[in-house]
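Residue-level listing of the chains:
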Amino acid sequence: MSINFKKSYKFAVKSSFYISLFATGFTAILLYFFFEINYQFIALFGLATLAFSFFVLQYRVEKFIYKRVKKIYDDVSLLDSTTLRSQPITTDMATLTQDVQKFAKEKKIEIESLKVREEYRREFLGNVSHELKTPLFTVQGYLSTLLDGAMNDKTIRKKYLERAEKGVERLIYIVKDLDMITKLETGDLNLKLSEFNIVDVVQSVFDLLEMKADEKNIMLMFDMKYTKPIMVFADQEKIEQVLTNLIMNSIKYGKENGTTEVSIEDLVNNKVIVRVTDNGEGIQKKYIPRLFERFFRVDKSGARSEGGSGLGLSIVKHIIEAHNEKIYVESKHGFGSEFSFTLEKTK
């Protein structure tokens, strides 16, 4: 552990100079009034006093002040050994103050970050418990009713078993989505990158969700007729899931007789941007920063009545980021929303 006393030398020299100046002057006055003035004696006395004062003061700086400074460093280092242990100990109070203030600022930011994480953890656990208990209680209620005697009625038995099955399906859906997000966050879900036509994938999702859109008379369409394939390089299955989640949301929150439009545009640096635009209810500006949080819902009651795990947009974000791409959202409440993401275009 290196020690820096350069500034303490300056302090000791100036202090010893003042002491020796006073002592020499006082001695010269005494000699003038009581004895004969001896300039050689005064010079030697001044130099001796200067040297003695310097060494005494410097010794005190090293032994007294240094011990206390070292204790401050040791106490602070106990809290974060990686921050200050590698630095030299200094008696320069300005440097010490700067180091301690920097340490305090870093710890304040860390504490604030931990508070935010704790708040998110509590909210996340509350959302998980709510999402899981709803289908669990539903399944339990139907099964309990059957066990209490309704099993003998074939009509009721079939209806309740079908409803219980739907509750179990929703549980499985939530658990699968949670498992996927966990794998995406930890990097355990390997992407199977390949070249494919993004236009065909969009059309495939349209075909898949056509009946769902027909229930609200929502038209699924491209912004134009794409006569040539647009080849991209990504995980086809995961991008299809992204499009499914985004288009499903546009249907879920869309207006009766509305539209969901997909456009594919070229960008610079061999990129394309895929836009999913609807003219539904839109999203209030204050909710947009939280859209991709797990289980976050703008309209909690309405969203739960529509079903789903509440993890769709969070999964979308993780899949796009796993491709090292960007996802964007623009929305105006009452007029609709646009979700867009970039993909690498093949040469």
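Look up: the structure comes first, before these words.
Residues numbered from 1 in each chain as written. Predicted model: local features only at pLDDT ≥ 70, side-chain atom pairs only at ≥ 80, totals over all residues. Heavy atoms only, no water.

Caption draft 1: Expanded view of the pairing of strand β7 (residues 271-278). Of all eight residues making up β7, six are buried, and the element is well covered by its neighbours. For strand β6 (residues 259-267) and β7, the ladder comprises eight bridges, and the chain directions are antiparallel. When the bridges of β7 are listed, S263 appears paired with R275. What sits between the antiparallel neighbours β6 and β7 is a turn of three residues, in which N269 has the positive phi angle 60°. Pairing of β7 with strand β9 (residues 336-345) involves seven bridges; the strand directions are antiparallel. Directly across from V276, in β9, lies its bridge partner F339. (Buried < 20%, exposed > 50% of the residue type's maximum accessible area, 1.4 Å probe, protein only. Helix = DSSP H or I, 4+ residues; strand = E, 2+ residues; numbered from the N terminus. Pairing = 2+ DSSP bridges.)

Caption draft 2: Main features of the pattern of salt bridges. If you walk through the whole model with that rule in mind, you get five salt bridges. Residue E325 is joined to K271 by a salt bridge in which the shortest nitrogen-to-oxygen separation is 2.7 Å. One end of the pair, E325, is in the loop between α9 (312-322) and β8 (327-332); the other, K271, is in strand β7, with 54 residues separating them in the sequence. By relative accessible area, which is 8% here, E325 ends up buried. The network of salt bridges with shared partners includes E265, R275 and E338. (Salt bridge = Lys/Arg side-chain N within 4 Å of Asp/Glu carboxyl O.)

Caption draft 3: Fine view of the packing of helix α6 (residues 198-214) against helix α7 (residues 236-252). At their nearest, the axes of α6 and α7 sit 9 Å apart, and the two run at 40° to each other. Classified by the angle between their axes, α6 and α7 sit oblique to one another. In the packing of α6 onto α7, the handedness of the crossing is right-handed. Counted together, I198, V201, V202, S204, V205, F206, L208, L209, K212 and A213 of α6 and Q236, I239, E240, L243, T244, I247, M248 and I251 of α7 form the full contact between these two elements. Classifying every residue of the contact of α6 with α7 gives 13 nonpolar, three polar and two charged. (Axes fitted to C-alpha atoms, helices over the stretch in contact; angles between N-to-C directions. Parallel < 35°, antiparallel > 145°, perpendicular 65-115°, else oblique. Left-handed = near helix turned anticlockwise from the far one by under 90°. Contact = heavy atoms within 4.5 Å. Nonpolar A, V, L, I, M, F, W, Y, C, P; charged D, E, K, R; others polar.)

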